[in-house]
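# Descriptive analysis of the structure
Each chain, written out:
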Amino acid sequence: MSTTTYLELSEDGGGAHKFYEVTVDGTAVTVRYGRIGAGGQLKTQSFPSVEKARAAAARKIGEKVRKGYAPAVPGGRAARPVTRRQVTSAPSTARSVAPVLWRFRTDAAAFGIHIDEDRCWVGNQNGDVYTLGHDGEVLARYRLPEGVKCLVADDFWIYAGCDDGTVYDLSSKLPFAAYEIATDVDIFWLDIHEGVLNVADRQGGLTVIDHEDEFQWSRKSSGDHAWMVRRDDHAVYHGHGAGVTAYSRDGSGELWHTRTRGSVLFGWQEDRSVYAGTDRRVVQRLAKDTGRVEATYACDSVVYSCATAPGGRYVFAGDSSSSVYCFAEDGTRLWKLGTGAGSALSMQYRDQKLYIVTTDGSLACIDASEAAIADAQRGTVPTAVDIKSAAGMPTFTPARSAESVRVVASVPANGVVVECVQEGSRLRMRVTSAGYDPTWNVQFPRHIRQAGARYVVDSLHTSPGGFYRVHGEIQRLL
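These notes cover the structure that comes with them. (Residues numbered from 1 in each chain as written. Predicted model: local features only at pLDDT ≥ 70, side-chain atom pairs only at ≥ 80, totals over all residues. Heavy atoms only, no water.)

Our next topic: the overall build of the protein chain. Of the regular secondary structure elements, the protein chain holds two helices and 41 strands. The C-alpha atoms of the protein chain give 23 Å as radius of gyration, which agrees with the globular expectation for 478 residues (23 Å, within 12%). Projected onto the principal axes, the alpha-carbon positions of the protein chain cover approximately 80 × 50 × 45 Å. Here the contacts in the protein chain between residues at least 6 apart in sequence split such that 49% fall between residues at least 24 apart. Just so you have it, the protein chain exposes about 19800 Å², and 47% of that area is on carbon and sulfur atoms. (Helix = DSSP H or I, 4+ residues; strand = E, 2+ residues; numbered from the N terminus. Rg over C-alpha atoms; globule rule 2.2 N^0.38 Å. Contact = heavy atoms within 4.5 Å. Areas by Shrake-Rupley, 256 points an atom, 1.4 Å probe, with all protein chains shown as cover.)

This is the structure in C-alpha cells:
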C-alpha cells in the first residue's frame, strides 16, 4: 500500500511558492517537487527494505518541515504566474526598411536567439525552439514545457532557459533538463561559461550554479529586474535597474558598480567591454576592468536589444519602435532602418548579417553589408523570403522522468556507459567505458538519475571545467 505526503511553502511578496511531495510504494520512494500548480520534477529511489524506504521518506519530509514547508491539499493554492516580459512595439519612424533576406514566423513573441557556424536558433514564449540553416531552411523543432526566456551557448552546447525555472540542453537528439533553478527564482536571463551557469532574476539577484547543477554562490545587486548577465574568465557582469555590477568569478567580492543612464534591459559583451541597452534610449559601453563608461550610443526609443560586430567595430541596437540601428565604435550613428517585423527583442551579428527575433515572433536575417545598407537607404531592398515549416519536420520533447527514458538490452556500437553512484547524499554519474577518466563527473539530468542504474549515451565530450558532457540520446541499460 502506497502513502503520499504533500507539503507546500508559499511566501508573500513574491517569495517561495513551491511544493514537495513524497510517495512511498513498497521499497520505492518517489519525490515530486516544483512550482505550485506545475507538474514538477520526479525522482525515484529504491531501498533494500520497506522499513528503510519509510525511514528515508520520513527524513526527507522532516528536512522540508524544518525549512518551513507545511501539509497542504494539492490544488488548494493557485499557481503564481511567472514573469513574462511585457513589451510594446510601435511602428518604426525610419524612412527606409532594412534589407531583410528571409523571415520565419514562430507565432509568439521571441526572446531566444543563437547563431552559430551551422545553424540559427530561435525560441519563443510558447516554448517552441526552431533550428534553421543560414539559408532559412527549417531543420527541427523542440517543444519545451514553458516559454523560452533566452538561448545561450557554451562551445557547441546550446541551452534554453525557460519560465518553469529549468534550463534545457538542446545539444543532443532529445532535450534534457541540465539545470533546475530554485523554484523561487524567476529567471530573467542566463549566461553559461565552461559549464558554470549564471542566472539573473526578477528580484535583482545573481545565482551561480556549477555543471553538476549544484549551487555555488549568489549575490543581490542594488537594483531589481536584472535582465543582463554576462560572464568571462575573469568576472560576472550583472545588469539591473540600478546599472551594471561586476563580481569576481568565484563570488568573493564586488569588483565595480556603474550606474548607467537608465535601467538595463539587455546586455552584450566583447573581450574588453560590456554593452548595456537601457530604457533611457541608449546603449552604453563599459570597460570590463574598471566599469568606466567608454561610449554612449543614442537611439530614439527604449533599447530592447544590442549586439556588436567582432571587436566592437560596429554596435547594433533594436528599439521599442521596430527600428534597428548601427553605430561606429565611437558612438557615431551610421544608420537607422525599420525591421518590417516588429521590435527586436534579441539580436546577434555574424558574417555581415544581423539576425533579430521580434515581438511578432519572427526570426529575420538582415543583410548588414555596407552595400546592402546603402541600397536600403536609397529605398532599394530585396524582397524578403517568408520561410515555411516543412510538414514532416521532426519535433523533439524532453524526457520528464526516469520512466520515460528508452531502455535497451545491450550497448550500441560506439556507445558510452555511465553509472549512477551514491556519494553521501548525492547521486553522481561516473563513466565505466574504457578510455575515460572514471573519477570525473558527468553532466547528466538529475531527474532521471537512479542509484545503481546504468545508462548509455552516444558520446561524451571533455569540458575545460574538468567534466564530461553528454552528446546524443540517453538510454537506460538493462
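Next, the rest of the story.
What follows deals with the nonpolar core. Of all hydrophobic cores here, the largest spans 75 residues; its most connected members are Tyr-179, Ile-181, Leu-197, Phe-316, Phe-444 and Leu-460. Leave out the neighbours within four places in its chain, and Leu-460 touches Val-416, Val-418, Val-431, Tyr-436, Val-442, Tyr-468, Arg-469 and Val-470. Core analysis: the second largest hydrophobic core is formed by 16 residues, Val-122, Tyr-355, Leu-363 and Met-393 among them. (Core = buried A, V, L, I, M, F, W, Y, C linked by side-chain atoms within 4.5 Å. Buried < 20%, exposed > 50% of the residue type's maximum accessible area, 1.4 Å probe, protein only.)

Strand order in the open sheet made by the five strands is E4-E3-E2-E1-E5, with antiparallel pairing throughout. Each edge of the open sheet is held by one strand with a lone partner, namely strand E4 (41-46) and strand E5 (70-71). The strands touched by helix H1 (residues 50-66) are strand E1 (3-10), strand E2 (17-25), strand E3 (28-35) and E4; relative to E2, the strand with the most contacts, the crossing angle is about 165 degrees. (Pairing = 2+ DSSP bridges. Axes fitted to C-alpha atoms, helices over the stretch in contact; angles between N-to-C directions.)

Another aspect to go through is the side chain of Lys-336. Examined against the element boundaries, Lys-336 turns out to sit in strand E30 (residues 333-338). By relative accessible area, which is 18% here, Lys-336 ends up buried. Polar side-chain contacts of Lys-336 include one of 2.6 Å to the side chain of Thr-93. Here the side chain of Lys-336 touches Asp-300 through a polar contact of 2.8 Å, side chain to side chain. When sequence neighbours within four positions are dropped, the list of residues in contact with Lys-336 reads Thr-93, Ala-94, Asp-300, Ser-323, Val-324 and Tyr-325. (Polar contact = N/O pair within 3.5 Å; in protein donor to acceptor, adjacent residues only side chain to side chain.)

Within the secondary structure layout, Gln-422 lies in strand E37 (residues 416-423). Once residues lying within four places of it in the same chain are set aside, the contact partners of Gln-422 are Gln-45, Leu-427 and Ala-451. A polar contact of 3.2 Å, which involves the side chain of Gln-422, links it to the side chain of Gln-45.

Here we take up the packing of aromatic side chains. All told, the structure shown has 18 aromatic pairs when counted by the stated rule. Where Trp-189 meets Phe-266, the ring centres are 5.4 Å apart and the plane angle is 70 degrees; that geometry is what we call edge-to-face. Highlighted residues: Trp-189 in strand E15 (residues 187-193) and Phe-266 in strand E23 (residues 264-269), separated in sequence by 77 residues. In this pair, the class of Trp-189 matches that of Phe-266, namely buried. Following the ring pairs from residue to residue traces out a cluster consisting of Trp-121, Tyr-142 and Phe-396. A cation over an aromatic ring shows up here: Lys-64 above the ring of Tyr-20, its NZ or CZ 4.8 Å from the ring centre. The lysine or arginine in question, Arg-469, covers the ring of Trp-157, its NZ or CZ lying 4.2 Å from the ring centre. (Phe/Tyr/Trp six-rings, centres within 6.5 Å; stacked < 30°, edge-to-face > 60°. Lys NZ or Arg CZ within 6 Å of the ring centre and 35° of its normal.)

Once that is clear, we can look at unusual backbone geometry. Negative phi characterises most residues that are not glycine, and trans characterises most peptide bonds. If you check the backbone angles, Glu-194 has positive phi at about 50 degrees while not being a glycine. Note that Glu-194 resides in the loop between E15 and strand E16 (196-201). Residue classification places Glu-194 among the partly exposed positions, given a relative accessible area of 28%. Phi is positive for Ser-322, close to 60 degrees, though the residue is something other than glycine. For Ser-322, the position within the fold is in the loop between strand E28 (314-319) and strand E29 (323-328).

Once that is clear, we can look at the environment of Leu-477. Along the chain, Leu-477 turns up in strand E41 (residues 467-477). If we ignore the near neighbours within four places in the chain, the residues touching Leu-477 are Val-408, Ala-409, Ser-410, Val-411, Arg-454, Tyr-455 and Val-456.

Pairing between strand E25 (residues 282-287) and strand E26 (residues 293-298): five bridges, direction antiparallel. Counted as the bridge partner of Val-283 is Tyr-297 from E26. Remark: five residues form the turn of the hairpin made by E25 and E26, two consecutive strands paired antiparallel; Gly-291 in that turn has positive phi of roughly 85 degrees.

Overall, antiparallel pairing links the four strands, which are arranged E15-E16-E17-E18 in an open sheet. Because the sheet does not close on itself, it has two edges, and the strands there are E15 and strand E18 (215-220). Strand-to-strand twist in this sheet, taken as the mean axis angle between neighbours without regard to direction, amounts to 15 degrees. Two elements, E15 and E16, share six bridges in a ladder whose sense is antiparallel. Looking at the pairing, Asp-191 lines up with Asn-198 of E16.

With six of six residues buried, strand E24 (residues 273-278) is to be regarded as a mostly interior element. Burial of E24 is two-sided: the residues Ser-273, Tyr-275 and Gly-277 facing one way and the residues Val-274, Ala-276 and Thr-278 facing the other way are all buried. Two elements, E23 and E24, share five bridges in a ladder whose sense is antiparallel. Bridge pairing in E24 links Gln-269 to Val-274. Taken together, E23 and the strand that follows it, E24, pair antiparallel across an intervening segment of three residues. Relative to E25, E24 runs antiparallel, the two being bridged by five bridges. Bridge assignment links Tyr-275 to a residue of E25, and that residue is Arg-285. Linking E24 to E25, which pair antiparallel, is a turn of three residues; within it Arg-281 sits at a positive phi near 70 degrees.

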